[in-house]
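# Observations on the model geometry
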Amino acid sequence: MYLHLIFLIFVTQAFAEEENVLLTEVFTITLDPLLFNWTYEGEPHQYVYQASLLDFPDLPAWIKYVFSEKHKKGFLYGVPPNRNMPKIPLQVVALNTRNYETRIRYINIHISEKLNPAKFEVMMKIDNVNVDDIFDVERMESLRDIFRKHLWKDSENDLYITYLESAIELGARKPLDPDQEEGIVLRLGSQSPFSTNLKDLEDEVKPLWKVPSCPRNFKKTTVERYFRDAGFTLDWCAFRLIDPNNSAMHHSGVKGNALSKDKWETITKDSVPIRNYSVDVTWSLVLPIVLLVILTFLLSFILCFYHNGVYKDDPTEQIDTPILNQHAILSGYKPSSNLVKLSPDPALGSRSHTSSPSSTINRGVHCRPNPPPYMRPRFKAEINNDDPNLNEKNWYC
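This text gives an overview of the structure that appears in the document.

Rules of the game
- Residues numbered from 1 in each chain as written.
- Predicted model: local features only at pLDDT ≥ 70, side-chain atom pairs only at ≥ 80, totals over all residues.
- Heavy atoms only, no water.
- Helix = DSSP H or I, 4+ residues; strand = E, 2+ residues; numbered from the N terminus.
- Buried < 20%, exposed > 50% of the residue type's maximum accessible area, 1.4 Å probe, protein only.
- Expected span 1.5 Å × (residues − 1).
- Phe/Tyr/Trp six-rings, centres within 6.5 Å; stacked < 30°, edge-to-face > 60°.
- Contact = heavy atoms within 4.5 Å.
- Core = buried A, V, L, I, M, F, W, Y, C linked by side-chain atoms within 4.5 Å.

### With respect to unusual backbone geometry
Within the chain, T24 stands out as a residue other than glycine whose phi angle is a positive 65°. Topologically, T24 is positioned in the loop between strand 1 (17-22) and strand 2 (27-31). In this structure, N37 is a non-glycine residue whose phi angle is positive, near 60°. Here N37 lies in the loop between strand 2 and strand 3 (47-53). Residue classification places N37 among the exposed residues on the basis of a relative accessible area of 59%.

### Quick word on helix 3 (residues 137-151)
For helix 3, spanning 15 residues, the distance from its first C-alpha to its last is 20 Å, which sits close to the expected 21 Å at 1.5 Å a residue. Buried residues of helix 3: M140, L143, R144, I146, F147, R148 and L151, and no others.

### Observations concerning the packing of aromatic side chains
Within the structure shown, the criterion is met by 12 aromatic pairs. For the ring pair W152 and F194, a centre distance of 5.6 Å and an interplane angle of 40° mean the geometry is tilted. Here W152, found in the loop between helix 3 and strand 9 (160-166), pairs with F194, found in the loop between strand 10 (184-190) and helix 4 (196-205); they are 42 residues apart in sequence, far enough to count as distant. By relative accessible area, which is 0% here, W152 ends up buried. Look at F194 and you get buried, because its relative accessible area is 15%.

### Focus: the environment of F36
Topologically, F36 is positioned in the loop between strand 2 and strand 3. Those residues in contact with F36 that sit more than four places away from it in its chain are Y49, V92, A94, R103, I104 and R105.

### Notes on the nonpolar core
Counting residues in hydrophobic clusters, the biggest one holds 38 residues, and the most contacted among them are M124, L143, F147, L164, F227 and W236. For this core, the elements supplying multiple residues, two or more each, are strand 5 (73-78), strand 8 (120-126), helix 2 (131-134), helix 3, strand 9, strand 10 and helix 4. Broken down by element, this core gets its largest block of residues, five residues, from helix 3. Those residues in contact with L164, other than ones at most four positions away along the chain, are V26, Y77, V131, I134, F135, I184, V185 and L186. V21, L23, F36 and L59 belong to the second largest nonpolar core, which has 23 residues in total.

Scope: geometric values only; no functional claims are made or implied.
Structure, rendered in structure tokens:
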């Protein structure tokens, strides 16, 4: 096991590529087929690259990787921080998608101090370029010439990029058109103080700072023509001048070895916290039961009062008597005096049946003959044969 590690370290040191980078300055490492002794055959996605720290699954936070469709290459870029470890070992795995051949290359990044770090910086957001466009030497030189010849002439000797990041990574919206550029945020730094032209430009765009982002067709600055002629569309709402207290040199002076923060470390079983679920189980059981009891009590209370109200205000007792009286009138039945005297309602005995209102029922629809009233035989002699009501048929509905 130890021999294997020693052999791996020896091979890594013997065949590793050496890259020297400077603090506070953006570096670029190109990943192309020539690095792996391959020949580019014209296919855009024939080679795939994956970079990481040696023996780790990912890159440090300050190193980013992007693949350029325009250049058909991969780029590692970033700004090295001030760390106690001056050498960062990387491993890059390349895959040939045509025959699935894989090759590995090792890269050692050596971090060195910059002799004259930038103290003054200009931060800007460019909407019509991507990160890989800045790696084009001619495109980058045209941007520097705008400052070195027109806006910041004192920075002609030491102007360089101190920060570079995609606008999408900083929270900007991805454009709806896939062919449209994502935009970048970069800083240009120098030791020279800000010129009068830069200070006047900052005063000119200060009213725009309250707007989160300016539209791409915004042309309201006096120096707009310089950037438009060079092919750059700036978001003037993000234009800032950074003083020495917030410059790249100030941020690179962070003390302490923070390299361990960029490495991915495995999680042990003992470090996983143990959670007690007894409280959750208790609440999940007690709370539904309490709610069920409360709802049952409320429903019982409501039904009990509703039941008493139904029996207290029964409308059938109020309409039984009129219905019986109306039926008696229609049938021609005359109650005897004994029944009237036994009636609990004194109004029934004194009511005149002749004065009762006539029925409003339409007797011509669904009527049937009324059967003769039942009479006992002993009352036959008392029946008046001359009564016409006995001979005619009474109809009722």
